[in-house]
Amino acid sequence: GLTHEAYDALDRIACPTLVIGGTEDRIVTGKASEEIAGRIPGSELYMYEGLSHGLYEEAPDFLERVMAFCR
């Protein structure tokens, strides 16, 4: 199978970072999103309650949220 482990490098990310997750995501679980955000210094975490891995299509405000972060 395919594997990739980057958790040990997350603390080296120095740019503003937005981690977005869904509480019902079974691929990158909500717990994993929280762990990723916790390892990136100064990152911002937003969790969509009840959404899954396709939240970028499911959440009506997804693009607005990303654009607001980028501004």
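Here we summarise the structure given alongside this text. (Residues numbered from 1 in each chain as written. Predicted model: local features only at pLDDT ≥ 70, side-chain atom pairs only at ≥ 80, totals over all residues. Heavy atoms only, no water.)

### A short note on the overall build of the protein
- Regarding its fold elements, the protein presents three helices and two strands.
- Going from N to C terminus, the protein has its helices and strands arranged as β-α-β-α-α.
- Counting the 71 residues in the protein, one finds 27% classified as buried.
- Contacts spanning at least 24 positions in sequence make up 66% of the contacts within the protein whose residues lie at least 6 apart.
- Accessible surface for the protein amounts to roughly 5,300 Å². Of this, 54% is attributable to carbon and sulfur atoms. (Helix = DSSP H or I, 4+ residues; strand = E, 2+ residues; numbered from the N terminus. Buried < 20%, exposed > 50% of the residue type's maximum accessible area, 1.4 Å probe, protein only. Contact = heavy atoms within 4.5 Å. Areas by Shrake-Rupley, 256 points an atom, 1.4 Å probe, with all protein chains shown as cover.)

### Looking at the environment of Pro16
- Following the sequence through the fold, Pro16 ends up in the segment before β1 (18-22).
- Residue classification places Pro16 among the exposed residues on the basis of a relative accessible area of 69%.
- Between the alpha carbons of Pro16 and Met67 there is a distance of 13 Å; along the sequence they are 51 residues apart.

### Observations regarding the pairing of strand β2 (residues 44-48)
- Sheet analysis places β1 next to β2, joined by five bridges and oriented parallel. For Gly21, the partnering residue across the bridge sits in β2 and is Met47.
- Taken together, β1, helix α1 (residues 30-39) and β2 form a β-α-β motif whose crossover is right-handed. (Pairing = 2+ DSSP bridges. Right-handed = clockwise from strand over helix to strand, strands pointing away.)

That's the geometry; what it means functionally is another story.
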